Amino acid sequence: MSTKAKIATIGQYVDQEVLLEGWLWNKRSSGKIAFLNIRDGSGFIQGVVAKEDVPEELFALAKGLSQETSIRVTGKVRAEERSPIGYELTVTGIEVVSRTEDYPITPKEHGVDFLLDHRHLWIRSPRQRAILKIRAEVIKGMRDFFDKNGFTQVDPPILTPSSAEGTTNMFQTEYVNGENAYLSQSGQLYMEAAAMALGKVYSFGPTFRAEKSKTRKHMNEFWMIEPEMAYVEHAENMQIQEALVKHTIKHVLDNCPQELKAIQRDTAPLERVVNEKFPIITYAEAVKILQEKGHDFPYGEDFGAPHETELTNHFDLPVFVEKWPANIKAFYMQPDPEDNSVILGADLLAPEGYGEIVGGSQRIHDYELMKERYAEHGFDESYNWYLELRQYGSVPHSGFGIGLERTIAWICGIDHIRETIMIPRTLYRLYP
RNA sequence: UCCUCGAUAGCUCAGCUGGUAGAGCGCCCGACUGUUAAUCGGAUGGUCACAGGUUCGAAUCCUGUUCGAGGAGCCA
């Protein structure tokens, strides 16, 4: 009986006979030799079956295997220079667990529509597997940062009453008592309550937006990490964001070399992000840069995708854009004491055309000012609890939200965020 | 919601000013001892998205519909 092994750690078993449990990803054969490309979830390895070395039935079986047939393969691990992973398996036995007929996804090219319709199978492909592995490490790296820096994870509710920021873009459902309920589009307001209880907190969970957005940067269900910190003000908020991003990227560079290679990510720009200080510019300076570069961009508007790309190309690093005009940002953002018309908040724009990945700000902590904002926006009683946070021991506090999928898309260098999650939920696509 | 583009074999696509359907790949059969999107030979494979219209004749032209993709707005 052979030892069970995993491809990821196959190097431990050189010159030993092992058992691999997996699937046939691809096959090439000639009259006297067959190459089986085997995957087991942990990686890919090539198995070799030479006609003269094995019983006739085994060679015939190997030649007849179809793509994605599940197999238990025994064989001897061999160091092999020609292999991308450095090892090959000299196959001595194959047990077919379940034969596959007519697997739809071939190693050849396919269109987006076809692949998305077969997303449940597409994730078996080397590239998709690598992206999902990197996603897991991005999450791990972020949690690691928060846990090492005194944050406590808190989980805000997903079912919420009407939103303080309006409900037009929210998924509506009926609550048990017949009231309208909405799927959360941000846990931030609740996280502010948590910060007053635990100091430094972060949430990590799915968030839902019923926006009819149809771009490579949008999904209707995505994951967000939302830290909130008591006694932290604007400048420190940005420092923490920068440290988080650097730590996360370093974690991926250290832990996913194989996966980054599999998706052919050029890691030089990422190493630069780890080693260099992120520039901070004000919104006004950003507008000036755009105008100098020939954009007809008026002060007071939000940036579009080409503007964000222009700004980050200018620095070739993630860039904080701070002190935005208050009227284009959320009601809860703290005004700059030096200029009431702008707020103490910043967006972090990722380089290489990836755009906004973080939005953060210092929050209004003054009770009277928050009451004014409530009046201006006509908020109802369902968010009185949020106002109460300013009545009972209010302190300066800040927080931010980082979009998990946008961050992963950037780190992986892929052009559409739908590949960063197992089953993407985009406009017009609720299947599979 | 708006703008742009698209839908032909299992997949990726070609099909000209209208004349009755093509290639490559996959599957299947055969050849080949180092392939790695293997290669070579053969065979199979179609309600040309749907519904109307124009015409002797429509994959092709016109109208509408459905579905999808890219982008705008909004955001992470």
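Residues numbered from 1 in each chain as written. Chains lettered and ligands numbered in written order. Predicted model: local features only at pLDDT ≥ 70, side-chain atom pairs only at ≥ 80, totals over all residues. Heavy atoms only, no water.

**Student:** What exactly am I supposed to notice about the sheet that holds strand S18 (residues 355-363) here?
**Tutor:** Strand pairs in the sheet, formed through backbone hydrogen bonds, run parallel or antiparallel to each other. In spatial order, the strands read S7-S11-S12-S19-S18-S17-S14-S13; together these eight strands make up an open sheet with mixed pairing. Lying at the two open borders of the sheet, with one neighbouring strand each, are strand S7 (152-153) and strand S13 (280-282). Across five bridges, the pairing between strand S12 (residues 221-230) and strand S19 (residues 397-403) is antiparallel. Counterpart to Glu228 in the pairing with S19 is Gly399. With respect to the sheet, helix H5 (residues 188-198) is in contact with strand S11 (200-208), S12, S18 and S19, its orientation differing from that of S12 by roughly 35°. Across the sheet, helix H9 (residues 283-292) touches S13 and strand S14 (319-322), and the angle it forms with S13 is around 85°. (Pairing = 2+ DSSP bridges. Helix = DSSP H or I, 4+ residues; strand = E, 2+ residues; numbered from the N terminus. Contact = heavy atoms within 4.5 Å. Axes fitted to C-alpha atoms, helices over the stretch in contact; angles between N-to-C directions.)

**Student:** Explanation requested: the nonpolar core in the structure shown.
**Tutor:** What tends to happen in soluble globular proteins is that the nonpolar side chains get buried as a cluster. Ile134, Ile249 and Trp410 are the most contacted members of the largest nonpolar core, which has 49 residues in total. At eight residues, helix H4 (residues 126-148) tops the list of elements feeding residues into this core. The next biggest cluster of nonpolar side chains, apart from the first, holds 28 residues, and it includes Leu189, Val287, Leu290 and Ile343. (Core = buried A, V, L, I, M, F, W, Y, C linked by side-chain atoms within 4.5 Å. Buried < 20%, exposed > 50% of the residue type's maximum accessible area, 1.4 Å probe, protein only.)

**Student:** Looking at this structure, how should I read the protein's contact with RNA strand B?
**Tutor:** Neighbouring RNA strand B are 45 residues; Asn26, Glu88, Arg209, Arg216 and Arg406 lie closest to it. Within 4 Å of the protein, the contacting atoms of RNA strand B are 51% sugar and phosphate, with bases supplying the remainder. Within the side chain of Glu52, one N or O atom sits 2.5 Å away from a base oxygen of RNA strand B. At a separation of 3.4 Å, a phosphate oxygen of RNA strand B approaches a polar side-chain atom of Arg429. Listing elements by their share of the surface near RNA strand B, those giving two or more residues are strand S2 (17-29), strand S3 (33-39), helix H2 (112-117), S12 and S18. (Near = heavy atom within 4 Å. Polar contact = N/O pair within 3.5 Å; in protein donor to acceptor, adjacent residues only side chain to side chain.)

**Student:** Which parts of the structure should I look at to understand the packing of H4 against helix H13 (residues 404-412)?
**Tutor:** Packed helices, taken two at a time, are described by the angle between their axes plus the distance between the axes. Orientation of H4 relative to H13, taken along the N-to-C sense of each, is 120°, at an axis distance of 10 Å. As for how H4 packs across H13, the hand of that crossing is right-handed. Judged by residue contacts, Ile131, Ile134, Arg135, Val138, Ile139 and Met142 of H4 engage Leu404, Glu405, Thr407, Ile408, Ile411 and Cys412 from H13. Taken together, the residues of the contact of H4 with H13 break down into nine nonpolar, one polar and two charged. (Left-handed = near helix turned anticlockwise from the far one by under 90°. Nonpolar A, V, L, I, M, F, W, Y, C, P; charged D, E, K, R; others polar.)

**Student:** In this structure, what is going on with helix H8 (residues 268-275)? I would like to understand it.
**Tutor:** Within H8, burial applies to Leu270, Val273 and Val274. Buried residues of H8 fall within an arc of 100° about the axis and therefore sit on the same side. Buried residues belonging to H8 abut helix H6 (234-255) and H13. (Arc of directions from axis to C-beta.)

**Student:** Could you clarify how one ought to interpret the sheet that holds strand S9 (residues 172-174) in this entry?
**Tutor:** Taking strand neighbours across the sheet as the criterion, the three strands line up as S8-S10-S9 in an open arrangement whose pairing is antiparallel. Every interior strand has two partners, whereas the edge strands, strand S8 (159-160) and S9, have only one. Summarising the sheet, S9 and strand S10 (residues 180-183) pair through three bridges and their orientation is antiparallel. Looking at the pairing, Thr173 lines up with Ala181 of S10.

**Student:** Would you explain the environment of Gln12 in this entry?
**Tutor:** Topologically, Gln12 is positioned in the loop between strand S1 (3-4) and S2. For Gln12, a relative accessible area of 54% gives the class exposed. When the C-alpha positions of Gln12 and Val77 are compared, they lie 9.1 Å apart, and in sequence the two are 65 residues distant.

**Student:** How should the domain arrangement of chain A be read in this particular structure?
**Tutor:** For interface size, the figure often reported is the accessible area lost on association. The domain boundaries assigned to chain A delineate domain 1 (3-98) and domain 2 (119-420). The gap between the C-alpha centroids of domain 1 and domain 2 is 45 Å. Of the residues lining the interface, eight residues belong to domain 1; the matching set on domain 2 comes to five residues. Summing the contributions of domain 1 and of domain 2, the shared interface buries around 570 Å²; its carbon and sulfur component is 52%. At the junction of domain 1 and domain 2, the tally comes to one salt bridge. The salt bridge involving Arg124 is made with Glu68; its shortest N-O contact spans 2.7 Å. Summed over the shared surface of domain 1 and domain 2, the result is three residue pairs in polar contact (both at pLDDT 80 or more). (Domains from an automatic or database assignment. Buried area = accessible area lost by both parts, 1.4 Å probe. Salt bridge = Lys/Arg side-chain N within 4 Å of Asp/Glu carboxyl O.)

**Student:** Would you mind showing me how to read a nonpolar patch on the surface here?
**Tutor:** A surface patch of nonpolar side chains, about 330 Å² in accessible area, is lined by Leu159, Tyr175 and Val176. Here Leu159 shows up in strand S8. Among the residues examined, Leu159 registers a relative accessible area of 43% and is labelled partly exposed. (Patch = residues over 30% accessible without salt bridge, like charges linked within 9 Å, V, L, I, M, F, W, Y side chains within 5 Å. Areas by Shrake-Rupley, 256 points an atom, 1.4 Å probe, with all protein chains shown as cover.)

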